[in-house]
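# Geometric and topological summary
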Amino acid sequence: MGLKIGVCGVGQFGPHFVPLFQKHPGVDEVYLADVFPDRLAEQAEKFGVRKTFPDLDALCKSDCDCIALYTQRWMHAPQAIQALKAGKHVYCAVPAAVTLEEIQELVDTVKSTGLTYMLGETSYYRAQTHYCRERFLKGDFGRFVYGEAQYHHDMAHFYVPYMNSGGDSWKATASYPPMLYPTHSVAFVLGVTFRRMIEVSCFGYVDHHPDGIFDADLSLWGNTFSNESALFRTSDGGMARLNEFRRTAAGMGRMSIVGTHGTYEEQPAERGMSGVWTWMDFPPDYGKSEIPYAETAKLYPLKKKDVSGIHTFDGVELTEENIGDRSRDLIGKRFLGVSAAQPWQCLPDEFLEVPNGHDGTHVFLVHEFIEAVQAGQLSPNHVWQAARYNAPGIVAHESAKRDGELMKIPDFGVPPADWLVLDCSVPLRS
Ligand SMILES: NC(=O)c1ccc[n+]([C@@H]2O[C@H](COP(=O)([O-])OP(=O)(O)OC[C@H]3O[C@@H](n4cnc5c(N)ncnc54)[C@H](O)[C@@H]3O)[C@@H](O)[C@H]2O)c1
């Protein structure tokens, strides 16, 4: 028997995932829920969905096995807890939570229910993160020294969803503090090292834009910062500088990881981003006179621009050379938007030629959630990892409010030892 998935929230983002859930071989049926009846009816018709629900409460009472939350960013923890308590497995768009208390309650609820909770963090599945994770786990980086990551996304791109869902009071929530949405940058580092941010000093940029969004009197969070930049100490003795910017001309995510033996450095290339991998091979008698052998490899540009101007991967095409055990009938078909540096071999054939998003990550997010539920195992982006992605930002924002005060980040622990992670190569470490 396949799973029944309830997609909750069909605003800007949720609808991108509906066809993926529908096509996944582990899923029998997809339901939709939204508090806007017109939006709900339109999306149900578009995707041929038979069952719809007016809100999360009604979806929780339905016979669905899993709920995938694509609601506004500050709503997720209470809604995920409600769904878990109703006996549903939960997939949740980022962030997981906006306070430390919410994180604790979420962790406790996952533990007590034993249900699957996966945070849908896109950076974890991006090609560069996957590339670095594999090399880091093999030891190619040596010891972690420094990580640099950023998620720069200008406010202009958020006006529409905020206005559409927020009505007349949309400015109250458009001022959402950047560091309460830290997961895209944090995961670029912790999705490679699986350690923890332990303390932070953060500064905020007080916004002056005439749109008047970041006004302390209007803001639900009393927030005036549109950009926040933080320096973290990591539990393996390293350092990381993370930016969350919402008022900036240059866009999107970027990462670099510096180790004692290898580094991966990313920079904008003519056509999108590219990464440079540098590796030092220390000969056995290094220390006497030898200079270590250095290998520098410029990775092919990871992205190219398509005609609409959106950065995207070409997609991986099944060929005679890479077809593996799959049917020869599939030769010439593509996993759209997926890079050769992502683990596309794990994807089901049903995802060939299906529209994808966020640099090929959507297919991995959906597939891994369904796999985790069916196997009764944890996704690598389980609730304890989600806590490690979100708590650093919550404390960083508090530090910014205190003009950079150095603050400790609490530890929410690791999964119970008998709860296996889907990919056993990635256990959390202290
Ligand atoms: N790269 C990424 O990971 C990424 C990218 C885009 C968006 N997101 C996340 O996805 C989420 C959704 O973003 P969006 O732009 O689609 O927002 P949106 O405002 O367009 O859509 C949210 C929808 O949730 C619905 N909703 C809220 N409460 C509900 C309830 N109780 N029951 C049923 N429906 C409810 C709203 O009516 C709305 O239609 C956000 O949390 C955002 O952070 C993540």
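Cut-off values and rules
Residues numbered from 1 in each chain as written. Predicted model: local features only at pLDDT ≥ 70, side-chain atom pairs only at ≥ 80, totals over all residues. Heavy atoms only, no water. Pairing = 2+ DSSP bridges. Helix = DSSP H or I, 4+ residues; strand = E, 2+ residues; numbered from the N terminus. Contact = heavy atoms within 4.5 Å. Axes fitted to C-alpha atoms, helices over the stretch in contact; angles between N-to-C directions. Phe/Tyr/Trp six-rings, centres within 6.5 Å; stacked < 30°, edge-to-face > 60°. Buried < 20%, exposed > 50% of the residue type's maximum accessible area, 1.4 Å probe, protein only. Lys NZ or Arg CZ within 6 Å of the ring centre and 35° of its normal. Parallel < 35°, antiparallel > 145°, perpendicular 65-115°, else oblique. Left-handed = near helix turned anticlockwise from the far one by under 90°. Nonpolar A, V, L, I, M, F, W, Y, C, P; charged D, E, K, R; others polar. pLDDT = per-residue confidence, 0-100. Right-handed = clockwise from strand over helix to strand, strands pointing away.

Strand order across the open sheet formed by 6 strands is E3-E2-E1-E4-E5-E6, with parallel pairing between neighbours. Two strands bound the open sheet, and with one partner strand each, they are strand E3 (52-53) and strand E6 (117-120). Sheet topology places strand E5 (residues 89-93) next to E6; 4 bridges connect them, and they run parallel. Within E6, the residue paired with Val 90 across the bridge is Tyr 117. Sheet strands touched by helix H11 (residues 362-375): strand E1 (3-8), strand E2 (27-33), strand E4 (66-69), E5 and E6. Its angle to E5, the strand with the most contacts, is close to 160°.

If you walk through the whole model with that rule in mind, you get 21 aromatic pairs. When the ring of Phe 136 is compared with that of Phe 141, the centres are 6.0 Å apart and the planes differ by 50°; the resulting orientation is tilted. On the basis of relative accessible area, Phe 136 is assigned to the buried category, the value being 13%. Ring centres of Trp 384 and Trp 419 lie 6.0 Å apart, and the angle between their planes is 75°; this geometry places the pair in the edge-to-face category. With Trp 384 in helix H12 (residues 383-401) and Trp 419 in the segment after strand E19 (407-408), this pair connects stretches of sequence that are 35 residues apart. The pair Trp 384 / Trp 419 is uniform in exposure class, with both members buried. Here the aromatic cluster, defined as three or more aromatic residues joined through ring pairs, consists of Phe 13, Phe 17, Phe 21, Tyr 70, Tyr 91 and Phe 369. The ring of Tyr 176 has Arg 73 lying over it, and the distance from NZ or CZ to the ring centre is 5.6 Å. The aromatic ring of Tyr 181 is capped on one face by Arg 73, whose charged end is 4.2 Å from the ring centroid.

This part is about the packing of helix H7 (residues 127-138) against helix H10 (residues 183-193). The N-to-C vectors of H7 and H10 enclose an angle of 30°; their axes lie 8 Å apart at closest approach. By the angle between their directions, the pair H7 and H10 is classed as roughly parallel. Considering how the two elements wind past one another, H7 and H10 form a crossing that is right-handed. Packed against H7, whose contacting residues are Gln 128, Thr 129, Cys 132, Arg 133 and Phe 136, the element H10 presents Ala 187, Phe 188, Gly 191, Val 192 and Thr 193 at the interface. Of the residues in the contact of H7 with H10, the class split is 5 nonpolar, 4 polar and 1 charged.

Another point: the confidence of the model for the chain. Taken as a whole, the chain shows an average pLDDT of 90; of its residues, 89% reach a score of 70 or greater. Note on residues 304-311: pLDDT is under 50 here. Beyond four places in sequence and across chains, it has 12 contacts.

Right, let's talk about the environment of Pro 416 for a bit. Among the secondary structure elements, Pro 416 is positioned in the segment after E19. For the pair Pro 416 and Lys 111, spaced 305 residues apart in the sequence, the C-alpha separation amounts to 8.4 Å.

Moving on, we come to the pairing of E5. Among the 5 residues that make up E5, 5 are buried, leaving the element largely enclosed by the rest of the structure. Residues His 89, Tyr 91 and Ala 93 of E5 are buried on one face, and the alternating residues Val 90 and Cys 92, pointing to the opposite face, are buried as well. With 4 bridges joining them, E4 and E5 adopt parallel strand pairing. Paired with Cys 66 across the two strands is His 89, which belongs to E5. This β-α-β element, E4 to helix H4 (residues 76-85) to E5, shows right-handed connectivity. This β-α-β element, E5 to helix H5 (residues 100-113) to E6, shows right-handed connectivity.

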